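Listed below are the residues making up each chain.
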Amino acid sequence: MTSSHTDCHYCLQSLRGRKYALRDENAYCVACYDSLYANPCEECKQPIECNSKDLAYKGRHWHERCFKCAKCSRSLVEKPFAAKDEVLLCTECYSDEYSSKCFHCQKTIMPGSRKMEFKGSSWHESCFVCQYCQQPLGTKPLITKDNENYCVPCFEKQFVHHCYSCKKVITSGGVTCHDQPWHKECFVCAGCKTQLYEQKFISKDEYPYCVDCFSKFYAKKCAACKKPITALGSAKYISFEDRQWHGECFNCAKCSVPLVSLEFLTRQDDILCRECGSA
């Protein structure tokens, strides 16, 4: 620029009709200003003259023409960039060299985008979702199974057993009856409510009963001894017409010979062997 300043503050030559630069209210001819104050360019090492644009980043300076990606040489003027070990790179080159790959989609997580990290792996924020409901996990509590992440409600819905009786989560132990899980404390007789864990029981309509309650409510009575016929007794029982017997009770009413697997005769309510029945 030209001004009314008379002489260069450094070389004292006249500035009349000449361009000059101001610094601390003092005027300098262009040559003196460049030699005294011009910043060296980080790229070409030449001074950045006062009539050139000086681009600065973290205390370093570049000519406008020198401010470019160290890998692909594209200009970085007014464009996003990143620095690695004091080297400037465009976002594409930086991503190719240094950015993390998303664990889910395997695509690069671009600089400036939000990155989620969990167990040493990285995700795009949009990829870090519950495997079941597909809702973003963000910083919510989560559970991992087979390398997939689940929010706690979905994990419990998919994988955690719920007690058949109280419907609450079974966190440890438990009892299985007819492929249904139960808390130990919930596994009680449907009749008298006695706890049945490690006790003998009989199931009816998917509910367990102690032997006494099952016998009381459901078991058929032996026509001979009048005691209940249950699966906890003899493995064999005999059924004839509307009556049932324990295997060991199915004997001739006269001579008491066992009749299981033998021919027999009936006389009124009695069961007789062939010999007694023919006598």
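Every value quoted in this text rests on a predicted model; they were computed, and no experiment measured them.

According to the domain assignment, the chain contains domain 1 (175-217) and domain 2 (221-278). Centre-to-centre separation of domain 1 and domain 2, based on C-alpha positions: 30 Å. Counting from both sides, the interface comprises 5 residues of domain 1 and, opposite them, 4 residues of domain 2. Regarding the contact of domain 1 and domain 2, the summed buried area is about 380 Å², with carbon and sulfur atoms giving 76% of it. In this assembly, domain 1 and domain 2 are joined by 0 salt bridges. In this structure, the connection of domain 1 to domain 2 is made through 0 residue pairs in polar contact (both at pLDDT 80 or more). For the side of domain 1 that touches domain 2, the leading source of residues is helix 4 (residues 211-217), giving 3 residues. For the side of domain 1 that touches domain 2, the residue count by class is 3 nonpolar, 1 polar and 1 charged.

Next up on the list: the pairing of strand 6 (residues 87-90). Where strand 5 (residues 81-84) and strand 6 come together, 4 bridges link them in antiparallel fashion. Opposite A82, over in strand 6, you have L89 as the bridge partner. Linkage of strand 5 to strand 6, two consecutive antiparallel strands, is achieved through a turn of 2 residues, within which D85 is found at a positive phi near 55°.

Moving on to the nonpolar core. Counting residues in hydrophobic clusters, the biggest one holds 16 residues, and the most contacted among them are W182, F187 and C189. Those elements that place two or more of their residues in this core are strand 11 (175-177) and helix 4. Ignoring anything within four residues of it in the chain, the contact list for F187 reads V175, C177, W182, T194, Q195, L196, Y197, F201 and P208. In terms of nonpolar packing, the next biggest core, distinct from the first, is built from 15 residues, I48, C66, L89 and C93 among them.

Scanning all chains against the criterion turns up 0 disulfides. Take C273: it sits in no disulfide, and the sulfur closest to it among the cysteines is that of C276, at 3.5 Å.

This paragraph deals with the pattern of salt bridges. Using the criterion set out here, one finds 5 salt bridges in the structure. The closest approach of N and O atoms between E263 and R274, which form a salt bridge, is 3.1 Å. Of this pair, E263 sits in the loop between strand 18 (243-246) and strand 19 (264-267) while R274 sits in helix 5 (residues 274-278), and the two are 11 residues apart along the sequence.

Any aromatic ring pair is given by two values, namely how distant the centres are and how the planes are angled relative to each other. Scanning the model with the defined rule gives 19 aromatic pairs in all. An angle of 65° between the planes, with centres 6.3 Å apart, marks the rings of Y150 and F155 as edge-to-face. Like F155, Y150 is buried. Centre to centre, the rings of W182 and F187 are 5.4 Å apart; their planes meet at 75°, and the pair counts as edge-to-face. Accessibility expressed as a relative area gives 2% for W182, which makes it buried. Here the aromatic residues Y164, W182, F187, F201 and Y207 are joined through ring pairs into a cluster of three or more. Above the plane of the ring of Y37 lies R23, whose end atom (NZ or CZ) is 4.1 Å from the centre. Between the NZ or CZ atom of K167 and the centre of the ring of Y164, over which it lies, the distance is 4.9 Å.

Calculation criteria
- Residues numbered from 1 in each chain as written.
- Predicted model: local features only at pLDDT ≥ 70, side-chain atom pairs only at ≥ 80, totals over all residues.
- Heavy atoms only, no water.
- Domains from an automatic or database assignment.
- Contact = heavy atoms within 4.5 Å.
- Buried area = accessible area lost by both parts, 1.4 Å probe.
- Salt bridge = Lys/Arg side-chain N within 4 Å of Asp/Glu carboxyl O.
- Polar contact = N/O pair within 3.5 Å; in protein donor to acceptor, adjacent residues only side chain to side chain.
- Helix = DSSP H or I, 4+ residues; strand = E, 2+ residues; numbered from the N terminus.
- Nonpolar A, V, L, I, M, F, W, Y, C, P; charged D, E, K, R; others polar.
- Pairing = 2+ DSSP bridges.
- Core = buried A, V, L, I, M, F, W, Y, C linked by side-chain atoms within 4.5 Å.
- Buried < 20%, exposed > 50% of the residue type's maximum accessible area, 1.4 Å probe, protein only.
- Disulfide = S-S within 2.5 Å.
- Phe/Tyr/Trp six-rings, centres within 6.5 Å; stacked < 30°, edge-to-face > 60°.
- Lys NZ or Arg CZ within 6 Å of the ring centre and 35° of its normal.

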